[in-house]
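Residue-level structural notes
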Amino acid sequence: MDIPFVDLEAQYKNHKNEIDGAIQNVVNDTAFIRGDYVDNFEQKYAEKYGVKNCIGVGNGTDAIYIVLKMLGVGSGDEVITVANSWISSSETISQTGAKPVFVDIEPDYFTIDPTKIEEKITDKTKAIIPVHLYGQPADMDPIMRIANKYDLYVIEDTAQAHFAEYKDQKVGTFGDAATFSFYPGKNLGAYGDAGAIITDNDELADKCRMFANHGSLQKHDHKIEGINSRLDGIQAAILNVKLSYIQDWNKKRLSNALHYNELLADFEGITTPKIRKNAIHVFHLYVIRAERRDKLANYLKDKGINTSIHYPTILPLLSAYDYLNHTPEDFPNAYKAQQEILSLPMYPELTNTQIKYVTNNLKKYYTNK
Ligand SMILES: *Cc1c(COP(=O)(O)O)cnc(C)c1O
């Protein structure tokens with residue numbers, strides 16, 4: 001049996017008519033950049049989040065950069081983020097001229113360890129970027145407490161956690177702003193690059209909107225220099241269609257994850273993912289810890305099961321950050337995870353037969369050694 005890591009084709013086939021129609025409408029209207037489809041998406045997304053502003057941008061990386069920049073973060077500043085994430089969480093800090101400062105993870109949840117944030121705060125610290133990694137909410141209560149105590153901005157990197165919740169509140173609504181990616185493989189994915197920022201701060205929203213559009217809100221009236229990072233019409237139209245299904249898809253991901261957890265419970269060699277108490281995890285990724293992980297991945301590959309690692313090297317140990325001179329001992333939990341984590345196939349359309357095939361092969365691997 002061949003099981004892809006993600007199956008974007010399955011979702012397209014299920015909604016082909018609607019999506020094809022949406023794309024055709026944009027082409028008919030030649031509403032390629034911004035326009036009604038984008039306005040419509042921004043409105044609906046803000047509504048679903050219960051926030052005042054949503055700004056569609058070119059991708060999830062730009063979203064972080066734009067927010068940091070418009071909050072005034074720059075040269076001489078420090079911004080705290082988590083050791084295990086995609087590089088967007090930290091490269092955007094450097095892009096502003098500020099310095100990324102990494103914090104270790106909570107081993108059970110793979111998100112930033114709030115008990116290790118304060119020791120990293122200096123008088124240069126301006127902001128914290130918690131990442132709701134794999135679809136798991138970061139521990140927002142203590143993070144917000146620390147941010148308030150030291151007067152720091154909080155930008156939630158919500159690229160992997162659309163509509164996840166922490167104590168009955170959607171993640172992305174705790175901080176000063178939240179950023180989203182709609183990269184095709186994300187829970188809410190476009191058919192190309194796309195991203196968004198949400199915030200209740202009107203002034204920040206206007207600034208972000210302006211900066212992302214060459215520094216102008218009205219054509220040829222450039223108040224500042226900006227960048228070109230806009231959501232395009234086709235992506236917005238596709239996202240509009242998908243917005244009606246995202247909650248349902250998230251539920252399917254969760255139920256697939258619980259099914260995996262059940263079949264792999266108490267299984268020697270494997271630790272299944274935990275869900276934070278009082279949280280809704282949206283399982284962008286289903287990440288186990290596995291003994292002899294690399295051999296296992298090869299074994300599964302031979303059986304047609306595609307897996308991945310998120311991420312093979314923690315951010316502070318990437319060559320890009322050699323200049324920070326970090327060692328594995330600086331981030332013991334993240335470093336340990338880096339050697340054990342394995343992402344199994346996860347998408348809403350995953351069938352019980354496929355899940356069973358994956359878990360049976362996992363069991364075979366560990367019983368045969
Ligand atoms: C995908 C991702 C991003 C960046 O999104 P792009 O749209 O690919 O630029 C940022 N942060 C995290 C945690 C991500 O997973």
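You'll find the structure just up there.
A quick note: this is a predicted structure, and the numbers were derived from the prediction, not measured.

Mapped onto the elements, Leu 133 comes out in the loop between β4 (125-129) and α6 (140-150). Residues Leu 133 and Thr 158 lie 25 residues apart in sequence; the distance between their C-alpha atoms is 7.9 Å. Other than its neighbours up to four places away in sequence, Leu 133 contacts Asn 84, Ser 85, Phe 110, Thr 111, Gln 160 and Tyr 311.

On the surface, Val 27, Phe 32 and Ile 33 cluster together to form a nonpolar patch covering roughly 260 Å² of accessible area. Mapped onto the elements, Phe 32 comes out in the loop between α2 (16-29) and α3 (36-49).

In the neighbourhood of the ligand, the contacting residues comprise Asn 59, Gly 60, Thr 61, Ser 85, Trp 86, Ser 88, Val 131, Asp 157, Ala 159, Gln 160, Ser 181 and Lys 186. Gly 60 places a main-chain nitrogen or oxygen 2.8 Å from an oxygen atom of the ligand. Separating a nitrogen atom of the ligand from a side-chain N or O atom of Asp 157 is a distance of 2.8 Å. A total of 380 Å² of accessible area belongs to the ligand in isolation, and the protein chains cover 93% of it. In the shell around the ligand, the residues fall into three nonpolar, seven polar and two charged.

Rules and cut-offs
Residues numbered from 1 in each chain as written. Predicted model: local features only at pLDDT ≥ 70, side-chain atom pairs only at ≥ 80, totals over all residues. Heavy atoms only, no water. Helix = DSSP H or I, 4+ residues; strand = E, 2+ residues; numbered from the N terminus. Contact = heavy atoms within 4.5 Å. Patch = residues over 30% accessible without salt bridge, like charges linked within 9 Å, V, L, I, M, F, W, Y side chains within 5 Å. Areas by Shrake-Rupley, 256 points an atom, 1.4 Å probe, with all protein chains shown as cover. Salt bridge = Lys/Arg side-chain N within 4 Å of Asp/Glu carboxyl O. Near = heavy atom within 4 Å. Polar contact = N/O pair within 3.5 Å; in protein donor to acceptor, adjacent residues only side chain to side chain. Nonpolar A, V, L, I, M, F, W, Y, C, P; charged D, E, K, R; others polar.

So yeah, pure geometry; function would need other evidence.
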